[in-house]
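# Survey of secondary and tertiary structure
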Amino acid sequence: MDKQHETFMRMAIDLSLKNVAINHGTPFGAVVVLNGKVIAKSANKVHATNDPTAHAEVAAIRMACKKLKTFDLTGAVIYTSCEPCPMCLAALYWSNISTVYYANTKDDAANAAFDDSFIYEEIAKPIKERKIIFKQLLRDEAQKAFKLWQQQAIKP
């Protein structure tokens, strides 16, 4: 089984290497596997698509969900060339990925000019102390959607 994990990780690393080699973007790759089969794989697509959310993990999760026609990837494993950033980490939790294998660490990423520590620091701050200005507006109106959701019989 270890050889299989290494094979999938090498796929993720290869995606990261090719992405830089063909000048499509940054050195990140991810592979989603379910029951020992590759469901989806992607390199980072931020530069290629001008989409700041198109990180390798998010792109691979989107592809896997589309292929499987579900937003729940329980039982799936992701192999990623680097420890996931805060956005990707959240996507992993929301998609219910069961296991994450990673190669480079977030410190390795920071040393290569991909430092996410400022995001972790911002999240920990009270909302009024964050760099981005947050202003609450029309909460009572927005609450109607939550109440409607709670009344519906079909739940995720």
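Below you will find a few notes about this structure.

So, how was this worked out
- Residues numbered from 1 in each chain as written.
- Predicted model: local features only at pLDDT ≥ 70, side-chain atom pairs only at ≥ 80, totals over all residues.
- Heavy atoms only, no water.
- Pairing = 2+ DSSP bridges.
- Helix = DSSP H or I, 4+ residues; strand = E, 2+ residues; numbered from the N terminus.
- Phe/Tyr/Trp six-rings, centres within 6.5 Å; stacked < 30°, edge-to-face > 60°.
- Expected span 1.5 Å × (residues − 1).
- Buried < 20%, exposed > 50% of the residue type's maximum accessible area, 1.4 Å probe, protein only.
- Contact = heavy atoms within 4.5 Å.
- Salt bridge = Lys/Arg side-chain N within 4 Å of Asp/Glu carboxyl O.

To continue, consider the pairing of strand S2 (residues 37–43). Two elements, strand S1 (residues 29–34) and S2, share 6 bridges in a ladder whose sense is antiparallel. Directly across from Val32, in S2, lies its bridge partner Ala40.

This brings us to the packing of aromatic side chains. Evaluation of the coordinates by the stated rule reveals 3 aromatic pairs. When the ring of Phe28 is compared with that of Phe114, the centres are 5.0 Å apart and the planes differ by 80 degrees; the resulting orientation is edge-to-face. Residue Phe28 is found in the loop between helix H1 (2–21) and S1, and its partner Phe114 is found in the loop between helix H5 (106–111) and helix H6 (117–124); the two are separated by 86 residues along the sequence. A ring pair is formed by Tyr79 and Tyr101, whose centres lie 5.0 Å apart and whose planes are at 5 degrees; its orientation type is stacked. Linking Tyr79 in strand S3 (residues 77–82) with Tyr101 in strand S4 (residues 99–104), this pair joins segments that are 22 residues apart in sequence. Here a set of aromatic residues connected by ring pairs shows up, and it is made of Phe8, Tyr79 and Tyr101.

Before going further, it helps to examine helix H3 (residues 56–68). Since the α-helix packs 3.6 residues into each turn, any two residues three or four apart lie on the same face. With 13 residues, H3 should reach 18 Å at 1.5 Å per residue; the first-to-last C-alpha distance of 18 Å fits that figure. Where H3 is concerned, the buried positions are Ala56, Glu57, Val58, Ala59, Ala60, Ile61, Ala64 and Cys65. Contacts from the buried residues of H3 go to S1, S2, S3 and helix H4 (86–95). Positive phi shows up at Lys69, right after H3, with a value of about 55 degrees.

Overall, the coordinates contain 4 salt bridges when judged by the stated rule. Among the salt bridges present, the one from Glu6 reaches Arg10, with a minimum N-O distance of 3.6 Å. Here Glu6 pairs with Arg10, and both are found in helix H1, just 4 residues apart, close to one helical turn. A salt bridge links Lys18 to Asp14, with the shortest nitrogen-to-oxygen separation between them at 3.1 Å. In this pair, Lys18 and Asp14 are both assigned in helix H1, 4 residues apart and thus about one turn of the helix distant. Judged by relative accessible area, which is 33%, Asp14 ranks as partly exposed.

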